[in-house]
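Residue-level structural notes
What follows is the residue order along each chain.
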Amino acid sequence: MSNKLNKLSTLFLGSALAATTAFSSGALEKVMKERGLTENDVIRAAKTYLPTGGRDEFVVFSSGGQSGQMLVYGVPSMKILKYIAVFTPEPWQGYGFDEDSKKVLRQGNVRGREINWGDTHHPGLSEKDGKYDGKWLVINDKANPRIAVIDLEDFETKQIVVNPVFKSDHGGAFFTQNSEYIIEACQYAAPFDNNYHPIEEYKETYRGGATLWKFNPEIGRIDQNASFVIEMPPYMQDLSDAGKGASHGWGFTNSFNTEMYTGGIEVGMPPFEAGCSRYDTDFLHVYNWEKLAKLAEDPKNVKVVNGMRIIPMEVSIANDALFLIPEPKSPHGVDVSPDGEYITVCGKLDTHASVYKWSKIKKLIADKKFVGKDPYGIPILDMKSSLHGQVELGLGPLHNQYSNVDGEIYTSLYVDSQIVKWNYKTLKVLDKENVHYNVGHLCGMEGKSADPQGKYIISLNKLAIDRFQNVGPLHPQNHQLIDISGKTMDLLYDMPIPLGEPHQAVAIRASKLHPKVRYQMGTNTKTGKPHKGKTLAGQERIVREGKNVTVYATMVRSHINPERITVNKGDIVTMHITNLERAEDETHGFTVDNFDVHMSLEPGETSTIKFEADIEGVFPYYCTEFCSALHLEMMGYLMVKDPNKKYESAQKLKMKTMSPEELKAEYDKTVAVNAATQEVINSVVKFLKDNNFADHKVVADLVTDAFDQAGQIPAQKKLADEAVAAGDMEKAILFENMIWQLMVKTADVGIRAKDALVRLVATKQSAEAERGARAFDEGGCSGCHVVGKVSSGPDLTGVLQRHEDAEKWVSAFILSPESKFKEPYIKGMIDYFNLKMPNQHMSKEEIKDIIEYFKWIDENANLF
Ligand code: K7E
Ligand code: CUA
């Protein structure tokens, strides 16, 4: 048997039996002792541990802060699942390195300038009736006021909109309860136009506001033309929230610096932070966006700046659609309760949380009971009459999240580094939990929706001092998982985050997400439509029009078609590549060396790279994703010639060639290996059929993948035979080799299918048999014995049938092999294998378990 085949058959026969592990009693205590773990540690570990192949109950989408990306991780395991490229190029995903994603990224250019980072703060999940529907995800960029839309079918960024009038934002991105709009409130007031205005004219020419981006939840896109801005005074607007339920149709936005202080330490003024927190209170902005949206339809109600409709303050005031309520100074979070009736505001400089009641606010507005007007004429509601009450929580309350328990709310305390659990209806503090250190936002499970799920709160900490291995002065961020299912909170897990600085995170029940695993063949994933460069097998071509060279290429395990592209220096090269795979997770990457291009092609995706071939030379291009056993072979060459140069052909080296006899011998050998390999494949196919693989979807899908590869063999065989007929043995060998490669790929998937099937159809092991399997492995038995196969020792399938009183006999033999070396049967074995069974010093308990394991093997003998 050739070496290749030998390896392959070992794979087939040996891999189906993955030994299961079981621990002997006392093992847990032993590990705890060795690792210095307390019982509490172990309970917490058990609460977060996700066994291999397991799934989390919730999925978290976290802002990636200044990285301009987003993080996706699971709860309770806190395992990171993905980074989503949003405002920042991300090479693995090809984001910003292929033409289609560049189009999305470049939608985010600000005033013509390419921006390649973002300061992401607040992710938002699309809602239906105030509940998360798992369809769309949005996030804001504070530094370059933008909102991005991510499609949760493939976790890719599809759209970026730039706010044309704000110069920064913060209070976004927050969906209204049926995803009608996304709220994005301004942060640092600035002129709406793009001109210079002296700071002395701050009150007259600088403005704040809230933008309501019109969202179409059917297609998941923002319509800028249907969006509008509510002009607000140059108070620094901060966090916002959309009303829901009772308060649906309204928006709430905090502010600081209602002093409208403009600082100026360089001219001897007190510092900005002193002047901007002089007053005891700032203003909560309350606005009726539903009414304003209708008003904005009439051109006489809006002014247009930089193409954006703006509703001036006078219009909002005249239509009873904008109000102010005092709130404790320098507030931060404003969070509407699940039913929309309570609005909790936390002020960084106030130790209290203030709970406003919507019905009270509504009544004051209806009765036109105002205590005054601000300098711009906006009516001010009385704070006391709007409040349900206030509670002293601690130092630096920032943000709030809700749980599934009525009235229960969780608030982060930035200065105290604590999470406090309290009740916003009864205004009672219930519990506090220390976190490390300086928590910003906190994330409940669907904790800001109309239907919070409770169970966990994640504390999104700014500092990680003393928590983790020191990795230099820039520390990881620290997300701490807290169990809130009990009467008091319990800190379960610390997760270092190597991507900063996350502000807000949102969590959704995993079962609400339905991402796809492959695209329709030839999809432009950024638009969801067929790609103009879509190329099917057999349609590969190179089209030249003057200096423009367009390549229509395909990738499928394990080749790129075409394999050679020759162009002239100075040509503009456009390559459309389609990944023809249907198999799940069979991604190919693509780059041409030295041209700063890269793409990631998921099954069915078509994408494009474009570059000027401005340097002469030979440039390998290759698949960058380890996609199969022949991944390294998935390559080709781009040759760039200088049309003005004469190239001398190199001296032909005299190569030694094989004789016709040698070629024939090699051909025969290759054909023989293929035939033997086919036999192995046949045996697997038989196994799969005998065990009704089609009854199990997972296995059936894998078998389809395998046949996909096998289906390509006849065409290659035909080419090989034609080459033989034409007397070209060299070529025939290469085609036969190609057949072997397809067989390996078939086998690769076939093995996975067989493994999966064995796992599905084998009877369940008893605890004893599980322990026995482990003892068999760890004790060293598996070094010589392969179940289902004779290897360095005999096959043990049926060992309990081979001897009289077999259980006793086998036990005695394991316990003391030497005692039986003289028995004729064993003597014969020793001669045959040229090996003596060593004494593995198994305990009686272990031997008992191993016997149980052998029984399990016999029960499933047909599978090995
Ligand atoms: Cu508190 Cu931007 Cu929501 Cu940071 S923000 S923490
Ligand atoms: Cu395709 Cu590696």
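Residues numbered from 1 in each chain as written. Chains lettered and ligands numbered in written order. Predicted model: local features only at pLDDT ≥ 70, side-chain atom pairs only at ≥ 80, totals over all residues. Heavy atoms only, no water.

Let us look at the overall build of the protein. Counting its secondary structure elements, the protein contains 19 helices and 44 strands. Each of the three principal axes of the protein carries a C-alpha extent, and together these read 105 × 80 × 50 Å. The buried share among the 864 residues of the protein stands at 54%. Here the analysis covers contacts within the protein between residues at least 6 apart in sequence; of these, 62% occur between residues at least 24 apart. Accessible surface computed for the protein: about 39,500 Å², of which carbon and sulfur atoms make up 54%. Taking the average location of the 99 positive side-chain charges in the protein and that of its 116 negative ones, the two points are 2 Å from each other. (Helix = DSSP H or I, 4+ residues; strand = E, 2+ residues; numbered from the N terminus. Buried < 20%, exposed > 50% of the residue type's maximum accessible area, 1.4 Å probe, protein only. Contact = heavy atoms within 4.5 Å. Areas by Shrake-Rupley, 256 points an atom, 1.4 Å probe, with all protein chains shown as cover. Lys, Arg positive; Asp, Glu negative; His and termini not counted. Charge placed at Lys NZ, Arg CZ, Asp CG, Glu CD.)

On to helix 13 (residues 713-725), then. Given 3.6 residues per turn, any residue in an α-helix points the same way as the ones three and four places further on. When the terminal C-alpha atoms of helix 13 are compared, their 18 Å separation across 13 residues agrees well with the 18 Å that a helix rising 1.5 Å per residue should span. Among the residues making up helix 13, those that are buried are I713, Q716, A720 and A723. In a view along the axis of helix 13, the buried residues occupy a sector of 90°, so they form one face of it. Summarising the geometry of helix 13, the exposed residues directed more than 90 degrees from the buried face are P714, K718 and A725. Those residues of helix 13 hidden inside the fold are in contact with helix 12 (697-710) and helix 14 (729-761). A positive phi of about 80° marks G727, the residue just after helix 13. (Expected span 1.5 Å × (residues − 1). Arc of directions from axis to C-beta.)

Right, let's get into the environment of L398. With respect to the secondary-structure elements, L398 resides in strand 24 (residues 397-402). Classification of L398 as buried rests on a relative accessible area of 7%. Distance from L398 to D193, taken between C-alpha atoms, is 32 Å for residues 205 residues apart in sequence. Ignoring sequence-local partners within four residues, the contact set of L398 consists of H332, G333, C346, K348, T411, S412, Y414, V439 and G440.

Our next topic: the site of ligand 1. Near ligand 1, the surroundings consist of H121, H122, H170, L239, H332, H399, G440, H441, K462 and H503. Of all elements in the fold, only strand 4 (120-128) and strand 28 (439-444) reach the threshold of two or more residues within the shell around ligand 1. Classifying every residue of the shell around ligand 1 by side-chain character gives one nonpolar, eight polar and one charged. (Near = heavy atom within 4 Å. Nonpolar A, V, L, I, M, F, W, Y, C, P; charged D, E, K, R; others polar.)

Before going further, it helps to examine the packing of aromatic side chains. Any pair of aromatic rings gets described here by the distance separating the centres and the angle formed by the planes. Scanning all chains against the criterion turns up 25 aromatic pairs. Here the aromatic residues W250, F252, F323, W358 and F370 are joined through ring pairs into a cluster of three or more. Seen from the ring of F256, K348 lies directly overhead, with NZ or CZ sitting 5.5 Å from the centre. Stacked on the ring of F687, the Lys or Arg K754 has its end atom at 4.8 Å from the ring centre. (Phe/Tyr/Trp six-rings, centres within 6.5 Å; stacked < 30°, edge-to-face > 60°. Lys NZ or Arg CZ within 6 Å of the ring centre and 35° of its normal.)

Another point: the pairing of strand 36 (residues 548-556). A regular strand carries its side chains on alternate faces of the sheet. Burial within strand 36 is extensive, with eight of its nine residues counted as buried. Turn length for the strand 35 (residues 541-545)-strand 36 hairpin, with the two strands adjacent in sequence and antiparallel, is two residues, and the turn residue G546 shows positive phi of about 60°. Bridge analysis of strand 36 against strand 39 (residues 572-579) gives eight bridges, and the strand direction is parallel. The partner of N548 across the bridge, within strand 39, is I572. (Pairing = 2+ DSSP bridges.)

Between helix 13 and helix 14, the shortest axis-to-axis distance is 7 Å and the interhelical angle comes to 165°. With respect to each other, helix 13 and helix 14 are oriented roughly antiparallel. Two packed elements cross with a definite hand, and for helix 13 against helix 14 that hand is left-handed. From helix 13, I713, Q716, K717, L719, A720, D721, A723 and V724 reach across to helix 14, where they touch M729, K731, A732, F735, E736, M738, I739, L742 and M743. (Axes fitted to C-alpha atoms, helices over the stretch in contact; angles between N-to-C directions. Parallel < 35°, antiparallel > 145°, perpendicular 65-115°, else oblique. Left-handed = near helix turned anticlockwise from the far one by under 90°.)

Our focus in this paragraph is the pattern of salt bridges. A pair can form between side chains of opposite charge whenever their charged atoms are brought close. Following the criterion strictly, the structure yields 39 salt bridges and no others. Ionic pairing is found between E153 and K516, a salt bridge with its closest N-O pair at 3.3 Å. Taken as a pair, E153 in the loop between strand 6 (146-151) and strand 7 (156-162) and K516 in the loop between strand 32 (505-509) and strand 33 (523-524) lie far apart in primary sequence, 363 residues in all. For E153, a relative accessible area of 39% puts it in the partly exposed group. Of the residues examined, K516 reaches a relative accessible area of 40% and is grouped as partly exposed. In this structure, the salt-bridge partner of R774 is E778, at a minimum N-O distance of 2.8 Å. You can see R774 and its partner E778 sitting in helix 15 (residues 767-778), four residues apart, about one turn around the helix. (Salt bridge = Lys/Arg side-chain N within 4 Å of Asp/Glu carboxyl O.)

Here we take up the sheet that holds strand 3 (residues 80-85). The sheet built from four strands is open, its strands ordered 3-2-1-32 with antiparallel pairing. One side of each edge strand has no neighbouring strand; the edge strands of this open sheet are strand 3 and strand 32. With direction set aside, neighbouring strand axes in the sheet form an average angle of 20°. When strand 2 (residues 69-75) meets strand 3, the two strands line up antiparallel, connected through five bridges.

This part takes up unusual backbone geometry. With an omega of 15°, the peptide bond running from V75 to P76 counts as cis. Mapped onto the elements of the fold, P76 is located in the loop between strand 2 and strand 3. With omega at -5°, the peptide bond leading from R557 into S558 counts as cis. The phi dihedral of M78 is positive, around 60°, even though this residue is not glycine. Among the secondary structure elements, M78 is positioned in the loop between strand 2 and strand 3. Accessibility expressed as a relative area gives 3% for M78, which makes it buried. Positive phi, normally seen in glycine, also occurs at L427, with a value near 60°. Position of L427 among the secondary structure elements: in the loop between strand 26 (418-423) and strand 27 (428-434).

A separate point is the confidence of the model for the protein. Of the residues in the protein, 97% have a pLDDT of 70 or more, and the chain-wide mean is 92. Every residue in residues 1-19 is under pLDDT 50, and counting partners more than four places away or in other chains gives 32 contacts. (pLDDT = per-residue confidence, 0-100.)

With that settled, the discussion passes to the side chain of T523. Here T523 lies in strand 33. There is a polar contact of 2.5 Å between the side chain of T523 and the backbone oxygen of Q520. (Polar contact = N/O pair within 3.5 Å; in protein donor to acceptor, adjacent residues only side chain to side chain.)

Next up on the list: the sheet that holds strand 5 (residues 131-141). Ordered in space as 4-5-6-7, the four strands form an open sheet in which the pairing is antiparallel. With one partner strand each, in any of the chains shown, strand 4 and strand 7 form the two edges of the open sheet. Within this sheet the neighbouring strands show an average axis-to-axis angle of 25°, counted without direction. Two elements, strand 5 and strand 6, share six bridges in a ladder whose sense is antiparallel. Looking across to strand 6, one finds that N140 is bridged to I147.

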